[in-house]
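Chain by chain, the residues run as shown.
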Amino acid sequence: MQDWSTMTDEELCMDAFSEGIPPSTDTGEGLQRVITISMNSENTQMPFGSVKTAPFLELFWRKTGADCDGEEEWMNLPDGNTYLICLATHCE
């Protein structure tokens, strides 16, 4: 098991967004973007591709302080958009 806490933010981004850092997009202002992260999943589907959950959660915690089931915080992702990230122990 890898120790995500010793990695830099850049290393976490590269590992989490293993499909590549998405290009910046303009999907229109005022759109509510919500992503639910199942903390027990290996991968999470984002609007721009799949990300590895474990390094993403470490990065999310560093940026927002959220790390528990039910917590939610806004986060700017590499595609240039801001999303409301909701944490869940499992998703149906």
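Now for a quick tour of the structure. These numbers were taken from a predicted model, which means no experiment stands behind them.

Criteria and thresholds
Residues numbered from 1 in each chain as written. Predicted model: local features only at pLDDT ≥ 70, side-chain atom pairs only at ≥ 80, totals over all residues. Heavy atoms only, no water. Buried < 20%, exposed > 50% of the residue type's maximum accessible area, 1.4 Å probe, protein only. Helix = DSSP H or I, 4+ residues; strand = E, 2+ residues; numbered from the N terminus. Pairing = 2+ DSSP bridges. Phe/Tyr/Trp six-rings, centres within 6.5 Å; stacked < 30°, edge-to-face > 60°. Axes fitted to C-alpha atoms, helices over the stretch in contact; angles between N-to-C directions.

**Quick look at the pairing of strand β5 (residues 82-88)**
With respect to burial, β5 is a largely interior element, 6 of its 7 residues being buried. With 5 bridges connecting them, strand β1 (residues 34-38) and β5 associate as parallel partners. In the strand pairing of β5, Ser38 is matched with Ala88. Between strand β4 (residues 72-76) and β5, which pair antiparallel and follow one another directly, the connecting turn spans 5 residues, one of which, Gly80, has a positive phi of 95 degrees.

**Comments concerning the packing of aromatic side chains**
Per the counting criterion, the structure on display carries 4 aromatic pairs. Relative to Tyr83, the ring of Phe48 has its centre 6.4 Å away and its plane inclined at 65 degrees; by these criteria the two rings are edge-to-face. Linking Phe48 in the loop between β2 (43-46) and β3 (49-52) with Tyr83 in strand β5, this pair joins segments that are 35 residues apart in sequence. Using a relative accessible area of 23% as the deciding quantity, one classes Phe48 as partly exposed.

**As for the environment of Glu11**
Here Glu11 is to be found in helix α1 (residues 9-16). C-alpha separation for the pair Glu11 and Leu59, spaced 48 residues apart in sequence, amounts to 9.7 Å.

**Let's talk about the sheet that holds β5**
Spatially, the 3 strands line up as an open sheet ordered β1-β5-β4, and their pairing is mixed. Of all the strands in the sheet, just β1 and β4 have a single pairing partner and so form its edges. For this sheet, the mean inter-axis angle between neighbouring strands, taken without regard to orientation, is 35 degrees. For β4 and β5, the ladder comprises 5 bridges, and the chain directions are antiparallel.

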